[in-house]
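# A closer look at the structure
Take a look at the letters that make up each chain.
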Amino acid sequence: MKFCPAARIGVALFSCVLLSACVTNQSVAQKPKVAGAAANEPWMNISLDPDARADMMVKEMTIDEKIQLVHGIGWGVLRPGAVVPAGDNGGAGFVPGIPRLGLPDINLADSAVGIRGAARDSRYATLLPSVIGMASSWDPAMGHLYGSVIGRELRDEGYNMSIGGGVDLIREPRNGRNFEYASEDPVLAGTMVGELAMGVQSNQIMGDIKHYVLNDQETGRNTLNAVLNRRAMQETDLLAFQIAIGMAKPAGVMCSYNRVNGDFACENDYTLNEVLKKDWGFKGFVLSDWSGTHSTVKAALAGLDMEQPGDEYFGAPLKAAVLAGKVPETRLDDMVHRIVRSMFANGVIDHPPVERVVDPFQGRDDAKKIEEESIVLLKNEGGVLPLTAGVKSIAVIGGHANEGVMSGGGSAQVDAPGGLPGGSKWGEPVYFPSSPLRYLKEQAGSDAVVSFDAGTDVEQAAKAAAKAQVAIVFVTQWMSEGMDRPTLSLPNRQDELVDAVVKANPNTIVVLETGGPVSMPWSAKVKGIVETWFPGIGGGEAIANVLYGRVNASGKLPVTFAEKDSDLPHPHVSGLTEATGNNGMDGAARHGHEAKNFTVDYNVEGMLVGYKWFEVKDKTPLFPFGFGLSYTSFAYSGLKVTPDASSVSFEVKNTGARAGDEIAEVYVTLPKSSGESFKKLVGFKRVPVPAGESEMVTVPIDPLYLKVFSTEKNGWEMLGGEYKIEVGGSSAELPLKEEVSLTAE
Ligand code: BGC
């Protein structure tokens with residue numbers, strides 16, 4: 001099949017299954033698209049494995065051709081006035097290919113939550129919900145769908161590599177990039193982002209996982225030294241990467257800006273050579289974050305394979321270092337081999353993308369579906385939700401709910417349809433035209449009055465609320481790369497707004513559009529609280545569907561919501577001072593001014609990230625990890641654990657009156673000898689259960705999650721002793737418990 005009808009604008013009702021079938025058929029029909037004689041070269045034999053093909057091709061390359069492949073061409077479209085060569089598709093990165101060998105260019109596009117910068121070339125890209133939202137679905141199928149939307153649209157736009165796949169742990173809840181990341185828990189984050197990267201690569205696009213590693217805050221990110229002992233690092237942040245990379249086998253892993261225990265992440269022998277390449281057997285290539293390379297010889301020997309976006313260290317200086325014998329040519333060959341084998345392995349040589357118009361309707365439907373599973377119902381006093389036909393007047397207040405939904409900024413910014421032709425401006429919030437007000441009005445019916453007040457004048461908002469049966473306040477927390485929030489509090493005096501509204505109308509529901517967890521000093525007063533994250537282009541409708549109960553609420557928190565900053569391991573964001581202000585990115589360091597070197601001491605909490613900190617410190621969060629309500633209720637019974645704890649099974653009964661999906665969570669507390677006196681997530685399953693019925697659920701447990709990392713053995717170790725297994729619907733409510741005795745390994 002040469003042409004996929006689902007890709008035409010206007011044909012929206014095409015299932016995902018059919019669409020992926022189209023892509024596959026199309027791929028099979030194509031011959032490697034290589035120029036002239038190269039098509040007959042031995043490495044173009046599709047039946048050979050990618051490593052053998054890469055070896056053959058690399059042998060034919062001159063040293064200059066090899067050097068050409070291990071760096072980008074400069075800032076390109078990202079910096080006005082920078083060189084944009086022919087063949088550059090307008091993404092954040094470009095690496096020219098070698099036509100005489102049949103090697104295509106690599107066109108890399110930022111695509112954390114959708115493709116960045118499409119409007120610049122009058123193109124369109126779907127804005128997906130935040131990654132943290134996708135992770136709130138706890139549904140690996142949603143992770144896969146998420147990535148496949150990105151992969152499909154990258155292909156349509158002519159890119160062959162994605163830059164996305166953020167799997168840094170949400171260690172710092174005020175991190176401006178948390179909306180690009182999945183969770184504070186490594187098993188949930190790794191699994192969901194692993195699926196995402198698999199979805200990208202299922203479209204014959206090279207995938208990427210970033211920012212490796214401990215890039216857990218933006219303040220001072222270019223210079224800060226993240227300090228964490230190896231055991232804790234292995235069992236937390238590294239584990240998230242290990243899981244995602246193990247699942248997806250991505251083409252690229254992007255090393256981060258910060259230092260890790262002294263060395264920059266892009267010249268860190270331990271994290272790159274020892275852990276990523278040796279212990280995990282990563283076969284792809286390590287690319288630096290943009291201007292995250294700091295040396296030639298040190299970086300090359302530590303495991304960096306590609307400098308981005310320019311050639312300051314891996315251009316002429318690397319050639320000189322190879323010729324002088326400071327970097328062995330075999331190491332240069334290894335870099336190039338990793339890049340070329342990833343291109344073969346992902347099909348970008350054999351089945352290059354064929355440009356066609358992105359289908360915005362398919363994208364919107366997919367985004368809406370993901371968002372509907374992502375929304376977390378946090379409070380529902382007196383069953384104020386779902387809204388019913390009996391509600392005849394609603395005051396919708398704040399959050400630009402009349403215009404659309406908020407999106408996250410920075411390199412994850414997707415251009416809004418109808419937005420500025422030049423694209424979105426860095427540092428300015430962008431709303432997407434999916435208005436919750438419009439969809440609420442539709443669902444309220446013609447005999448209901450749904451008013452809107454911007455929420456900018458608190459007294460006026462209170463007056464509007466007083467006139468209605470129900471008040472729905474939309475509150476927002478804009479987040480972006482390059483900044484952290486100084487506190488968990490909502491910005492722009494929105495807490496005052498909620499206080500005033502709930503005083504005027506006790507039937508107040510708060511809908512949050514936030515990049516991560518926030519504090520809610522008014523939580524006891526309002527009747528309903530709904531977290532929607534940054535909802536994506538289908539967000540307005542998805543929100544209305546959940547508020548009106550057309551879709552049952554089902555998401556659960558992938559992060560702990562602390563009551564206040566002082567409950568966190570770091571009451572203040574490290575290094576965030578008056579001088580750096582709210583915009584914590586020290587652009588100064590980037591531009592060669594005096595660098596601000598400071599330490600972020602992650603040993604303060606060590607392994608106790610998120611809910612583990614709250615358990616050990618005996619602090620009660622505002623909303624616990626794994627928590628989320630439904631319009632129905634579930635009961636758990638009959639826990640059975642296999643003798644080797646390789647899986648657990650139990651029954652989930654829907655005890656309410658309507659069908660719903662329950663997210664069942666499995667936690668383990670290791671034996672005392674581990675020194676780890678806290679439970680950790682080891683498995684989960686999202687299960688649809690019809691009203692009144694029961695489902696038997698089996699959740700496998702990866703033996704790795706039961707182990708501890710031994711620094712003496714430099715490897716994982718299974719301790720002998722009693723393992724406590726707990727199962728339920730939230731980290732704070734685990735009705736099923738059993739102990740199993742396991743032997744040391
Ligand atoms: C970000 C990366 C991004 C790159 C290219 C950097 O500032 O940290 O996530 O992929 O820019 O735009």
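Before going into details, it helps to say that this report is about the structure given with it. (Residues numbered from 1 in each chain as written. Predicted model: local features only at pLDDT ≥ 70, side-chain atom pairs only at ≥ 80, totals over all residues. Heavy atoms only, no water.)

## Topic: the site of the ligand
To keep things clear, this is the line we draw: Near residues are defined by distance, with any heavy atom within 4 Å of the molecule or strand qualifying the residue. Here a polar contact is taken to be a pair of N or O atoms separated by no more than 3.5 Å, where protein atoms must pair a possible hydrogen donor with a possible acceptor and residues adjacent in sequence count only if both atoms sit in side chains. The protein chains shown are the only cover counted for residues, whose accessible areas, like all others here, come from Shrake-Rupley with a 1.4 Å probe. Side-chain classes are defined by residue name, with Ala, Val, Leu, Ile, Met, Phe, Trp, Tyr, Cys and Pro counting as nonpolar, Asp, Glu, Lys and Arg as charged, and the others, Gly among them, as polar.
As a structural note, the neighbourhood of the ligand is formed by 15 residues, with D110, R177, H211, D289 and E481 the closest of them. The side chain of D110 places a nitrogen or oxygen atom 2.4 Å from an oxygen atom of the ligand. Within the contact set of the ligand, an oxygen atom lies 2.6 Å away from a side-chain nitrogen or oxygen of E481. Burial of the ligand by the surrounding chains reaches 97%, relative to a free accessible area of 310 Å². Broken down by class, the residue content of the shell around the ligand amounts to five nonpolar, two polar and eight charged.

## Looking at the packing of aromatic side chains
Under the convention used in this document: The aromatic pairing rule takes the rings of Phe, Tyr and Trp, using the six-membered ring of Trp, and pairs them if the centres are within 6.5 Å, calling planes under 30 degrees apart stacked, those over 60 edge-to-face and the rest tilted. Note on exposure labels: buried denotes an accessible area under 20% of the residue type's maximum, exposed denotes more than 50%, and partly exposed covers the range between, all computed with a 1.4 Å probe on protein chains only. Two limits define a charge over a ring: the Lys NZ or Arg CZ must be within 6 Å of the ring centre, and within 35 degrees of the ring normal.
In total, this model carries twelve aromatic pairs according to the counting rule given. Between F709 and W716, the ring centres sit 5.5 Å apart and the planes meet at 80°, which makes this aromatic pair edge-to-face. The exposure class assigned to F709 is buried, which follows from its relative accessible area of 3%. Three or more aromatic residues link up through ring pairs in this structure, and these residues are W138, Y611, F625, Y667 and F684. Here the basic side chain of R79 rests over the ring of W75, its NZ or CZ set 3.9 Å away from the ring centre. In this structure, R230 packs its charged tip against the face of Y270, placed 3.6 Å from the ring centre.

## Here we look at the state of the cysteines
Rules: Note on terminology: disulfide denotes any pair of cysteine sulfur atoms within 2.5 Å. The helix and strand labels rest on DSSP assignments: H or I over at least four residues marks a helix, E over at least two residues marks a strand, and numbering proceeds from the N terminus.
In the structure shown here, the tally under the stated rule is one disulfide. Between the sulfur atoms of C255 and its disulfide partner C266 the distance amounts to 2.1 Å. Judged by the torsion about the S-S bond (110°), the C255/C266 disulfide is right-handed. Of the two residues, C255 is situated in strand 6 (residues 252–255) and C266 in the loop between strand 8 (263–264) and helix 9 (269–279); the sequence distance between them amounts to eleven residues.

## Here's the deal with the pattern of salt bridges
Quick reminder of the rule: Criterion for a salt bridge: a side-chain nitrogen of Lys or Arg within 4 Å of a carboxyl oxygen of Asp or Glu.
Under the counting rule described, the total for this entry stands at 51 salt bridges. Note that K283 and D51 form a salt bridge whose closest N and O atoms lie 3.7 Å from each other. With a gap of 232 residues between them, K283 in the loop between helix 9 and strand 9 (285–288) and D51 in helix 2 (residues 50–59) connect regions that are remote in the sequence. For R364, the salt bridge identified is with D365, shortest N-O distance 3.8 Å. Shared partners join several salt bridges into a network, and the residues in it are R177, E180, E218, R221 and E481.

## A word on the nonpolar core
Put simply, the rule reads: Among buried residues, the Ala, Val, Leu, Ile, Met, Phe, Trp, Tyr and Cys ones that are joined through side-chain atoms within 4.5 Å form a nonpolar core. Should any heavy atoms of two residues lie within 4.5 Å, those residues are counted as being in contact.
If you look at the biggest cluster of nonpolar residues, it comprises 167 residues, and the most contacted ones within it are Y212, L318, V340, L387 and I472. Discounting chain neighbours no more than four positions away, the residues touching L318 are I67, V70, T296, A300, Y313, V327, L332 and M335. Among the nonpolar cores identified, the runner-up in size contains 33 residues, and V641, A645, F650 and L706 belong to it.

## Quick word on the sheet that holds strand 6
Rules: Here, strands pair whenever DSSP counts at least two bridges between them. Lines fitted to C-alpha atoms define the axes here, with helix axes fitted over just the stretch in contact, and angles between the N-to-C directions of these axes take values from 0 to 180 degrees.
Pairing within the open sheet is parallel, and its three strands lie in the order 4-6-9. Edge positions in the sheet fall to strand 4 (208–212) and strand 9, since each has one partner strand and no second. Averaged over neighbouring strand pairs, the angle between their axes works out to 25° when direction is ignored. Note: strand 4 against strand 6, three bridges, orientation parallel. Considered in strand 6, the bridge of I209 is made with V253. Each of strand 4 and strand 6 touches helix 8 (residues 237–248); the most contacted strand, strand 4, lies at about 170° to it.

## What about the pairing of strand 2 (residues 106–110)?
Burial analysis of strand 2 places five of its five residues in the buried class, the great majority of the element. Residues I106, L108 and D110 of strand 2 are buried on one face, and the alternating residues N107 and A109, pointing to the opposite face, are buried as well. Note: strand 1 (residues 93–95) against strand 2, three bridges, orientation antiparallel. Paired with F94 across the two strands is N107, which belongs to strand 2. With three bridges joining them, strand 2 and strand 3 (residues 161–163) adopt parallel strand pairing. Within the sheet, the bridge partner assigned to L108 lies in strand 3 and is M161.

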